[in-house]
Amino acid sequence: MKLSHPIAPCLWFNDQAEAAARYYTEVFPNSHVGHIARYSEVGREHHGQVPGSVLTVEFSLAGQPFTALNGGPVFALSEAVSFQVYCDDQAEIDYYWQALSAGGQEQPCGWTRDRFGLSWQVVPYSMLDMMQQGSDEQMARMMTVLFTMTKLDKAQLDAAFYGQ
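Summarised in this report is the structure supplied together with it. (Residues numbered from 1 in each chain as written. Predicted model: local features only at pLDDT ≥ 70, side-chain atom pairs only at ≥ 80, totals over all residues. Heavy atoms only, no water.)

## Here's the deal with the pairing of strand E1 (residues 10–13)
A one-sided burial pattern is seen for E1, the buried positions being Leu-11 and Phe-13 and the unburied ones Cys-10 and Trp-12. Both E1 and strand E4 (residues 64–70) contribute to a ladder of four bridges, which runs parallel. Following the sheet pairing, Phe-13 is matched in E4 by Asn-70. (Buried < 20%, exposed > 50% of the residue type's maximum accessible area, 1.4 Å probe, protein only. Helix = DSSP H or I, 4+ residues; strand = E, 2+ residues; numbered from the N terminus. Pairing = 2+ DSSP bridges.)

Okay, here's the thing in structure tokens:
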């Protein structure tokens, strides 16, 4: 089978792959859970999983394919790999921040770790323009305000950048 996206992130979970995939597809519009593969008796001496338990879950978030893997506790998610959610306005920032930080851990500069341990940064699209086109002075003002925030406030970031 030829894939429309040749690269798909694989998220390693202990035993919460299906729950995580279902949660993420509820949070993001235009998302769905696809095929769920299950462990069999084959290789049990290596994987140690109960036959019939979830091995992988294929899912997509806003058209981006993902795989969630129940690989056991050998590896844990960390901030070393995270996802950014770009938002049009403060209402969208508030929605994603609330949904992704619920049961997780809020962190500085728009970062949050969700209840499954996956890290997300919820940011306004306008920050892309600021980062790409801003002068050193504009960037310094915006970054000074950014470093005081947990959840990002688009109006405050815009005001700092434009010197208002």
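## A short note on the sheet that holds strand E6 (residues 105–106)
The strand order E5-E8-E7-E6 describes an open sheet built from four strands, whose pairing is mixed. A strand with exactly one partner marks an edge of an open sheet, and here the two such strands are strand E5 (82–87) and E6. The sheet contact formed by strand E7 (residues 111–113) and strand E8 (residues 119–124) spans three bridges and is antiparallel. The residue of E8 that forms the bridge with Trp-111 is Gln-121.

## Observations concerning the pattern of salt bridges
This model, assessed by the stated rule, comprises six salt bridges. Between Glu-79 and Arg-113 there is a salt bridge whose closest N-O contact spans 3.4 Å. Of this pair, Glu-79 sits in the loop between E4 and E5 while Arg-113 sits in strand E7, and the two are 34 residues apart along the sequence. Note on Glu-79: relative accessible area 38%, which makes it partly exposed. Note that Arg-141 is salt-bridged to Glu-137, the shortest N-O span being 2.7 Å. Placement of the pair is Arg-141 and Glu-137 together in helix H5 (residues 136–146), with a separation of four residues, close to one helical turn. (Salt bridge = Lys/Arg side-chain N within 4 Å of Asp/Glu carboxyl O.)

## Concerning helix H6 (residues 154–161)
Within H6, the full set of buried residues consists of Lys-154, Leu-157, Asp-158, Ala-160 and Phe-161. Each buried residue of H6 sits inside an arc of 165° when the element is viewed along its axis, so together they form one side. Each element contacted by the buried residues of H6 is listed here: helix H3 (90–101), E8, helix H4 (126–133) and H5. The distance from a side-chain oxygen at the start of H6 to the backbone nitrogen of Ala-155 is 3.1 Å, and the residue carrying that oxygen is Asp-153. In the stretch just after H6, Gly-163 is the one whose phi turns positive, near 70°. (Arc of directions from axis to C-beta. Contact = heavy atoms within 4.5 Å. Polar contact = N/O pair within 3.5 Å; in protein donor to acceptor, adjacent residues only side chain to side chain.)

## Description of the packing of aromatic side chains
Two measures describe an aromatic ring pair: the distance that separates the ring centres and the angle between the ring planes. A full pass over the atoms with the stated rule returns 15 aromatic pairs. Taken together, a centroid distance of 5.8 Å and an interplanar angle of 75° make the contact between Tyr-24 and Phe-116 edge-to-face. Taken together, the residues span a long stretch of sequence, with Tyr-24 in helix H1 (residues 17–27) and Phe-116 in the loop between E7 and E8 at a distance of 92 residues. Overall, Tyr-24 belongs to the buried group, its relative accessible area being 1%. Judged by relative accessible area, Phe-116 falls into the buried class, the value being 13%. Both rings, one in Tyr-24 and one in Trp-120, keep their centres 5.5 Å apart while their planes meet at 65°; by these two values the pair is edge-to-face. One end of the pair, Tyr-24, is in helix H1; the other, Trp-120, is in strand E8, with 96 residues separating them in the sequence. (Phe/Tyr/Trp six-rings, centres within 6.5 Å; stacked < 30°, edge-to-face > 60°.)

Just geometry here; none of it tells us what the structure is for.
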